[in-house]
Amino acid sequence: AQSVTQPDIHITVSEGASLELRCNYSYGATPYLFWYVQSPGQGLQLLLKYFSGDTLVQGIKGFEAEFKRSQSSFNLRKPSVHWSDAAEYFCAVGDGSSNTGKLIFGQGTTLQVKP
Amino acid sequence: NAGVTQTPKFQVLKTGQSMTLQCAQDMNHNSMYWYRQDPGMGLRLIYYSASEGTTDKGEVPNGYNVSRLNKREFSLRLESAAPSQTSVYFCATGVMSGLTDTQYFGPGTRLTVL
């Protein structure tokens with residue numbers, strides 16, 4: 001069965017520093033991978049997605065993610081974090097085997113940004 | 001375009017009461033989903049509807065029922081609320097891309113069951 005692991009429950013970075021959030025997945029075939037962001041009290045917003053092709057994917061708000069098949073990873077990066085990036089981040093994998101469109105979410109990583 | 005809307009935003013129930021959470025979309029997407037979010041557990045799928053007229057159970061369907069009223073609306077009903085159903089509930093729509101959906105979420109309903 002597919003699964004998603006976000007090893008870091010909570011991360012704190014200083015404003016202006018670089019950021020990398022880890023995501024590992026378990027999936028037999030080529031995965032469909034997503035990153036979502038949830039600001040406090042809000043719904044989830046799609047940051048970026050990977051389906052195929054170039055393994056480095058650009059998203060909104062200056063985020064990017066790199067798909068590494070050999071490591072079963074899809075880590076999210078940002079070169080310089082802004083205070084407004086403080087939020088919870090979710091990685092998800094699409095259940096492509098069932099053709100139902102369902103997503104499987106990781107447990108989330110909370111990002112705190114220090115001034 | 002409102003995207004995905006959910007009502008109510010907040011609700012407090014007593015154990016045993018019933019209620020319906022409403023979700024509506026103007027994105028013309030075929031798929032709709034109901035999730036619950038609990039601390040440390042990410043999002044768990046309750047029910048989903050791949051198209052108008054069809055519904056299927058997700059990971060945690062017990063204690064819930066759904067209705068796909070039409071393409072726009074997908075409601076979630078708690079027949080007899082329990083404290084374990086205290087959670088934040090999210091509705092999402094999905095548009096098929098390849099073999100999976102790209103999903104778009106509503107703002108959520110925060111439910112407390114006393």
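Scroll up to find the structure this text is about.
Just so it is clear, the model here is predicted, and its values are computed rather than measured.

Draft legend 1. Main features of the overall build of chain B. Summing up its helical and strand segments, chain B has 0 helices and 11 strands in all. Starting at the N terminus and ending at the C terminus, chain B contains elements arranged as β-β-β-β-β-β-β-β-β-β-β. Relative to its length of 114 residues, chain B is compact, with a C-alpha radius of gyration of 13 Å against a globular reference of 13 Å. The dimensions of chain B, computed from C-alpha atoms along their principal axes, are 40 × 25 × 25 Å. By the burial criterion, 49% of the 114 residues in chain B qualify as buried. Expressed as a percentage of contacts within chain B between residues at least 6 apart in sequence, the contacts between residues at least 24 apart total 54%. Carbon and sulfur atoms provide 51% of the accessible area of chain B, an area that totals close to 5,100 Å². Separation of charge centres in chain B, based on 10 positive and 8 negative side chains, amounts to 7 Å.

Draft legend 2. Just empty space enclosed by the protein, in detail. Residue and element names in this part refer to chain A. If you walk through the whole model with that rule in mind, you get 1 cavity of 30 Å³ or more. Each pocket or cavity is described by its volume, and for the largest cavity that value is around 30 Å³. Forming the boundary of the largest cavity are Val37, Ser39, Lys61, Phe63, Ser84, Asp85, Ala87 and Tyr89. Tallied by class, residues from the lining of the largest cavity come to 4 nonpolar, 2 polar and 2 charged.

Draft legend 3. Region of the structure containing the layout of surface pockets. The volume enclosed by the largest pocket comes to roughly 290 Å³. Along its surface, the largest pocket is lined by 16 residues, and Leu103 and Ile104 of chain A together with Leu43, Leu45 and Glu59 of chain B are the ones closest to its centre. Elements that contribute at least two residues to the lining of the largest pocket include exactly strand 11 (103–105) of chain A together with strand 5 (43–49) of chain B.

Draft legend 4. Broad picture of the packing of aromatic side chains. Throughout the structure, instances matching the rule amount to 15 aromatic pairs over all chains. Each ring, one from Phe63 of chain A and one from Tyr89 of chain A, has its centre 5.7 Å from the other, and the planes form 50°; the classification is tilted. Highlighted residues: Phe63 of chain A in the loop between strand 7 (56–58) and strand 8 (64–68) and Tyr89 of chain A in strand 10 (residues 87–94), separated in sequence by 26 residues. According to the relative accessible area criterion, Phe63 of chain A is buried, its value standing at 0%. With a relative accessible area of 1%, Tyr89 of chain A lands in the buried category. Plain terms: the ring middles of Tyr64 of chain B and Tyr89 of chain B are 5.9 Å apart, the flat faces sit at 65° to each other, and that makes the pair edge-to-face. Residue Tyr64 of chain B is located in strand 7 (residues 64–68), and its partner Tyr89 of chain B is located in strand 9 (residues 87–97); the two are separated by 25 residues in the primary sequence. For Tyr89 of chain B, a relative accessible area of 0% puts it in the buried group. Three or more aromatic residues joined by ring pairs form one cluster here, namely Tyr32, Phe34, Tyr36, Phe51 and Phe105 of chain A together with Tyr33, Tyr35, Tyr48 and Phe105 of chain B.

Draft legend 5. Representation of the pattern of salt bridges. Residues and elements named next belong to chain A. With the rule as written, the count across this model stands at 7 salt bridges over all chains. Arg77 serves as the salt-bridge partner of Glu64, at 3.2 Å between the closest nitrogen and oxygen. With Glu64 in strand 8 and Arg77 in strand 9 (residues 73–78), this residue pair connects regions lying 13 residues apart in the sequence. Residue classification places Arg77 among the partly exposed positions, given a relative accessible area of 23%.

Draft legend 6. Fine view of the state of the cysteines. Residues and elements named next belong to chain A. With the rule as written, the count across this model stands at 2 disulfides over all chains. Two residues share a disulfide in this structure: Cys23 and Cys91, whose sulfurs sit 1.9 Å from each other. Linking Cys23 and Cys91, the disulfide has an S-S dihedral of approximately -65° and is accordingly described as left-handed. Residue Cys23 is found in the loop between strand 3 (19–21) and strand 4 (24–26), and its partner Cys91 is found in strand 10; the two are separated by 68 residues along the sequence.

The rules behind each value
- Residues numbered from 1 in each chain as written.
- Chains lettered and ligands numbered in written order.
- Predicted model: local features only at pLDDT ≥ 70, side-chain atom pairs only at ≥ 80, totals over all residues.
- Heavy atoms only, no water.
- Helix = DSSP H or I, 4+ residues; strand = E, 2+ residues; numbered from the N terminus.
- Rg over C-alpha atoms; globule rule 2.2 N^0.38 Å.
- Buried < 20%, exposed > 50% of the residue type's maximum accessible area, 1.4 Å probe, protein only.
- Contact = heavy atoms within 4.5 Å.
- Areas by Shrake-Rupley, 256 points an atom, 1.4 Å probe, with all protein chains shown as cover.
- Lys, Arg positive; Asp, Glu negative; His and termini not counted.
- Charge placed at Lys NZ, Arg CZ, Asp CG, Glu CD.
- 1 Å grid on protein atoms, 1.4 Å probe; cavity = no way out; pocket = protein on both sides within 12 Å on 5 of 7 lines; lining within 4 Å.
- Points joined across faces, edges and corners; volume = space filled by probe spheres on them.
- Nonpolar A, V, L, I, M, F, W, Y, C, P; charged D, E, K, R; others polar.
- Phe/Tyr/Trp six-rings, centres within 6.5 Å; stacked < 30°, edge-to-face > 60°.
- Salt bridge = Lys/Arg side-chain N within 4 Å of Asp/Glu carboxyl O.
- Disulfide = S-S within 2.5 Å.

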